[in-house]
Amino acid sequence: MAGMARRGTHSARHRAGSPRAEAGISDVVSPAAAVRPPAAAGAVPGVAGAAAGGSANGSPGPALAPAVNGSVNAMPRSGSVTEAGPVTEAGPAPGDGQPAAGPARPAGKKPGGRRRSQLSRLGSLLAAAAIVVVIGLVGTRSADGSVATSVRNFLLDWQNRDYPAAAALTTGRPGAVATELSAVYSQLGAADLLLGMGPVTTSGGTAVASFHAFIDLGRGGLSWQYEGHFRLRRTASGWRVAWSPSVIVPGLRPGDRLAVLTTQPARAPLLDASGNSLIRPSPVIQLGVVPAQVTRPAVTAGRLARATGLFASDAAEMSDQIQAAPRDSFLELIQLSPASYARLRPVLAAIPDLRARTVTRRLFGSTVPVITGQIGTETARVLVEDGLPYRPGTTVGMSGLEQAYQARLAGAPTTQIVVQNQAGQTVRVLRRWSGQSATPVRTTIAGGIQQAARQALAGLGYSASIVAVRAGGGQILAVSQHQAGQMPIVQALSGSYQPGQSFTIVSTAALLSSVRGFGLSSPLPCYPRNQVGNLTNVPPVPNLGAQPQFRADFAHACGTAFGGASLLLSPGDLAATVRGTFGIGGQWRLPIPAFTGAMATPSGDGQEAADVVGSGTVQVSPLNMALAAAAVDSGTWQPPSLVIGGQTTRGAGPVALRPGVASQLRSLMALAVRSGAAQGAALSGPPVYGQVGTAPVPGHHGLWSIWFVGFRGTVAFTVTAFSRSPAFAPAVQVARQFAAALSAADLSGGS
């Protein structure tokens, strides 16, 4: 696919013609140009040297101050040419060879939003100012300068797009020549054209003139520079350019056309840990044209841009794209999802010469949308608002890993300027800018575990999420979210919720680590209410007796018992365990939004009691609690990771639990599933460990967040469900179904 001129204004395309005041060409040459180095043998340099501050034959030229506007179009049309020295016999005229392609500015995204086009255009003009070439004249006889004047006038008219005037200075049919000159500009989708004069050599009634062309292609900063030349003949009307298409570009033949081919690499997929794509093939609607069949490119492009929310400048670029592309092939202009196409179809159907075709691409379907994020195409708001170059085939990550790894997943386009024959075949490549292949990004997601999570949530009548991590490694294995009815969605990674009694996993670690003599057999009453923190057991806890052991309190998620135990902790004990051991509120980060948790240092007994039972100031994400379960399973808390081979966390490292704490917590969580509040999750075979919790959802009256936090094998996970009842059943039932679907390989960490 051909590239396009960049977004932004196109005022440079409408510059006025050159002045025709009577003045000599030397009027625009700085005084420094009058100081010339000695002439090389066999040739006498003219007024100034050639491109980039050097002469046409490669010798250093004089330092030139920029001409007015920094380009040859500032020079007056008429005037005399001053000879620079003695006349010598001219050498052979150059042939029509391959044009030399000068160094080009690199393509790529530029800062500055929509002003980038104007800044880039200014850069192009300044660059051209540095390569302006003024005439050198060598002849076999005394020259009157008229040949140089003809060359200058032809180049000025060509550059200023006064094609009839330029054609009148050639030996060709004026109408045909004007058409050919004009066609080249549109074929290249040029944003600007600057021409500089090189040496002119005369031999009797013939002459050869060279020139330097600088064409601003737009396309994020691409420019094409080449050296050209043409012959002139003395006629009764003066010197005229001997016309052939090679005047425009050396080697161009009758019937040939130029084209810009831009190949945008297919977007690379995000992969799971086994190398399978997380992006499913899905239908994509391509809107495009066959350029040869478009009667009015500007009309087609303008109406398509308006229908899809693009700017008028994008429409101009799209029109150029249509004219610059190969004529007989389908040119995709915009990609839409089926839903977007269905919404716009009535408007799109009325756009002349527009075609729609359905293809299958890995763009819009994902098995883990919360991780991968969404992909936008050419009409994405971020592209439009940032003023990035319009280019067919462009995709941009709008969220998730698609956004975080945009450069790797999208790659960079390869652009070529080519010569095509009348059959539309490429016969020569004039310039090539190499792009960059799109590269897949491999994540830690385990396909089988992700499928188990998705199936466990399918069809639920309430919102819920599952997040699973690998114990001992911190790799995120699965993330699935399900929204139902009028309930809000449960955000598995970025959500901020009170975890209720499931947080007693963390507060128990603080008690076992900090309180001398405290253990699983310690007696701890479980009252229906506790004045410390004004706690009530919700849902109600069975009668555990007058002095139940702590293990029974934990197994039945007795919040009032933990409220009483909070008096055994100093204000700093719980905070140190929460942040220092379990990374809640820590400095770890993922490449996508994730809440790291938060808890204030308790300011009194009531607040500490509330915090111990997972209310108060405690805020966590489901991911936080899955990492806590993984720490109990393995004995070490690990920061989470999401991309294999990528730096996805920083500022945090593994933290080992105190000796004996992890084993005691495992014993407690096994009891909770075997005979306590989480017993609905029990399975035969490898045991399930867990703890449950419930807490109100702020801002949603009568809605509760229900938690199951646990592990089976090396898969630690959190189920969080929203329910109109505080009972633990919704989360426990989902946990059981998820844990049952895990394979032996999943549980052992194998592939």
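The text that follows walks through the structure, step by step, so that each part is easy to find. What you see as residue numbers is a count from 1 along each chain, following the sequence as written. Local features in this predicted model are restricted to residues whose pLDDT is 70 or higher, and side-chain atom pairs enter the listing and the counts only when it is 80 or higher, whereas totals over whole chains, interfaces and linings include all residues. Just so you know, side-chain values use all the structure's heavy atoms and leave hydrogens and water out.

### Some details on empty space enclosed by the protein
Line of reasoning, step 1. Throughout, the protein atoms alone are placed on a 1 Å grid, and a set of points is a cavity if a 1.4 Å probe fits but cannot get out or a pocket if it is open with protein on both sides within 12 Å along at least five of seven lines; lining residues have an atom within 4 Å of a point. Grid points are joined across faces, edges and corners, and a volume is the space filled by probe spheres set on the points. Scanning the entire structure with this criterion turns up 5 cavities of 30 Å³ or more.
Line of reasoning, step 2. The calculated volume of the largest cavity comes to roughly 90 Å³.
Line of reasoning, step 3. Lining the largest cavity are 15 residues, with W158, V184, Y185, L193 and I215 positioned closest to its centre.
Line of reasoning, step 4. Elements are defined by DSSP. Helices are runs of H or I of four residues or more, strands are runs of E of two residues or more, and each kind is numbered from the N terminus. Broken down by secondary-structure element, the contributors of at least two residues to the lining of the largest cavity are α4 (174-187), β2 (192-203) and β4 (222-235).
Line of reasoning, step 5. Considering each element in turn, the lining of the largest cavity owes the most residues, 3 residues, to α4.
Line of reasoning, step 6. A per-class count over the lining of the largest cavity returns 14 nonpolar, no polar and 1 charged. Residue type decides the class: Asp, Glu, Lys and Arg count as charged, Ala, Val, Leu, Ile, Met, Phe, Trp, Tyr, Cys and Pro as nonpolar, and the leftover types, Gly among them, as polar.

### Looking at the packing of aromatic side chains
Two measures describe an aromatic ring pair: the distance that separates the ring centres and the angle between the ring planes.
Line of reasoning, step 1. Classification of ring pairs rests on two measures: the distance between centres of Phe, Tyr or Trp rings, Trp counted by its six-membered ring, which must be within 6.5 Å, and the angle between planes, read as stacked under 30 degrees, edge-to-face over 60 and tilted in between. Taken as a whole and assessed by the stated rule, the structure comprises 13 aromatic pairs.
Line of reasoning, step 2. On the numbers, 4.5 Å between centres and 35° between planes, the contact of W224 with Y226 is tilted.
Line of reasoning, step 3. Here's how the labels work: a residue is buried when its accessible area is under 20% of the maximum for its type, exposed when over 50%, partly exposed in between, all with a 1.4 Å probe on protein chains only. Looking at Y226, the relative accessible area reads 2%, which means it is buried.
Line of reasoning, step 4. A ring pair is formed by F518 and F550, whose centres lie 4.9 Å apart and whose planes are at 70°; its orientation type is edge-to-face. Remark: F550 occurs in helix α14 (residues 550-555) and F518 occurs in the loop between α13 (504-514) and β18 (529-530); sequence separation between them is 32 residues. Taken as a pair, F518 and F550 share a single burial class, namely buried.
Line of reasoning, step 5. An aromatic cluster is defined as three or more aromatic residues linked by ring pairs; in this entry it consists of F154, W158, F211, W224, Y226 and F230.
Line of reasoning, step 6. Two conditions define a charge located above a ring, namely a distance within 6 Å from the ring centre to NZ of Lys or CZ of Arg, and an angle within 35 degrees of the ring normal. Seen from the ring of Y185, R161 lies directly overhead, with NZ or CZ sitting 4.7 Å from the centre.

### Examining the state of the cysteines
Line of reasoning, step 1. The definition used for a disulfide is geometric: two cysteine sulfur atoms within 2.5 Å. Applying the stated rule across the entire model yields 1 disulfide.
Line of reasoning, step 2. Here C526 is linked by a disulfide to C558, with a sulfur-sulfur distance of 2.0 Å. Its torsion about the S-S bond being 105°, the disulfide of C526 and C558 is classed as right-handed. With C526 in the loop between α13 and β18 and C558 in the loop between α14 and α15 (559-565), this pair connects stretches of sequence that are 32 residues apart. An identical accessibility class is assigned to C526 and C558; each is buried.

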